[in-house]
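# Examining the three-dimensional arrangement
This is what each chain is made of:
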Amino acid sequence: MTGIRKVLAAVFVGLALTLSAAAPAAAQAAQAAQAAPAAQADKLKLTVAGDGAQGVTIQATYADGRRLEQVVRLVLTATGPDGQRVGPVQLEPQPEGQGFYSSGPVLSTGTWKVSVNSPAPLQSKATATVQAKAAQSPPAPAPVAVTKPADGGAGTGWWPFAAAGLVLVAAAMGVAMLFGRRRTD
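What comes next is a walk through the structure. Owing to the predicted nature of the structure, the values given are computational and were not obtained by experimental measurement.

What counts and what doesn't
- Residues numbered from 1 in each chain as written.
- Predicted model: local features only at pLDDT ≥ 70, side-chain atom pairs only at ≥ 80, totals over all residues.
- Heavy atoms only, no water.
- Helix = DSSP H or I, 4+ residues; strand = E, 2+ residues; numbered from the N terminus.
- Buried < 20%, exposed > 50% of the residue type's maximum accessible area, 1.4 Å probe, protein only.
- Contact = heavy atoms within 4.5 Å.
- Areas by Shrake-Rupley, 256 points an atom, 1.4 Å probe, with all protein chains shown as cover.
- Pairing = 2+ DSSP bridges.
- Axes fitted to C-alpha atoms, helices over the stretch in contact; angles between N-to-C directions.
- Patch = residues over 30% accessible without salt bridge, like charges linked within 9 Å, V, L, I, M, F, W, Y side chains within 5 Å.
- Salt bridge = Lys/Arg side-chain N within 4 Å of Asp/Glu carboxyl O.
- Phe/Tyr/Trp six-rings, centres within 6.5 Å; stacked < 30°, edge-to-face > 60°.
- Lys NZ or Arg CZ within 6 Å of the ring centre and 35° of its normal.
- Core = buried A, V, L, I, M, F, W, Y, C linked by side-chain atoms within 4.5 Å.

If you tally the helices and strands in the chain, you get 2 helices and 7 strands. Looking at the chain as a whole, 20% of its 185 residues are labelled buried. Of the contacts formed within the chain by residues at least 6 apart in sequence, a portion of 55% connects residues at least 24 apart. Looking at the chain as shown, the accessible area adds up to about 13800 Å², and 62% of this sits on carbon and sulfur atoms.

The next thing to look at is the sheet that holds strand β4 (residues 85-93). Taken in spatial order, the 7 strands of this open sheet run β1-β2-β5-β4-β3-β6-β7, and their pairing is antiparallel. Unpaired on one side and paired on the other, β1 (44-50) and β7 (124-132) mark the two borders of the sheet. Between one strand axis and the next, the sheet turns by 25 degrees as a mean value, whatever way the strands run.

Moving on, we get to a nonpolar patch on the surface. Side chains of V175, L178 and F179 sit close together on the surface and give an oily, nonpolar patch of about 380 Å² of accessible area. For V175, the location among the structural elements is in helix α2 (residues 159-179). Its relative accessible area of 46% is what places V175 among the partly exposed residues.

For strand β3 (residues 74-79) and β4, the ladder comprises 5 bridges, and the chain directions are antiparallel. The partner of L74 across the bridge, within β4, is L91. Where β3 folds back on β4, the antiparallel hairpin that results is connected by 5 residues, among which D82 adopts a positive phi of roughly 60 degrees. Bridge analysis of β3 against strand β6 (residues 110-118) gives 5 bridges, and the strand direction is antiparallel.

Here we take up the packing of aromatic side chains. Overall, the coordinates contain 1 aromatic pair when judged by the stated rule. Above the ring of Y62, the side-chain terminus of R66 is found at 4.4 Å from the ring centroid.

Moving on to unusual backbone geometry. If you check the backbone angles, D82 has positive phi at about 60 degrees while not being a glycine. As for its placement among the helices and strands, D82 is situated in the loop between β3 and β4. Judged by relative accessible area, which is 81%, D82 ranks as exposed.

So, about the nonpolar core. Counting residues in each nonpolar core, the largest one holds 24 residues, and the members touching the most others are I58 and V114. Among the secondary structure elements, those contributing two or more residues to this core are β1, β2 (56-62), β3, β4, β6 and β7. Contacts of I58, omitting those with residues within four sequence positions, involve L46, T47, V48, L74, L91, G99, F100, Y101 and V116.

Structural data, given as structure tokens:
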């Protein structure tokens, strides 16, 4: 064996030994990296708020801030004025966005203590105080009186000009088509 071949063989053997020694450490690091998000993924952050009327809205995300991409079962219970109780009510996801849930009008007017629970595997609980109000409709629009302009209809004078412009454009296109040259190949 020549000297160059011996050096190349030694380099390849050293490279193979280095890679085989680093492989278990890399595998262990990869397992640790996968375990950390998996532990975080098991926790939800639930944000509970009133919907401005007699319902409750819930935004569910992972604890690390990522959007929730799967449907979870959320259960709402509430205690209101004079000891009134609502629930348990199972909430369904809404089309407004991923992880968005709404109860609909389940509360009567007053201040309510609302609790939302999520069972395992994504276990979480959130509590909030919600002010429920009677649903309000928008005010009726004021009637608008339609009157004829006092200037004798001066605002309608642009129609004849628009029609004349269209006629001129059509005539120009017709002339161009009649007198256009034909090319022969």
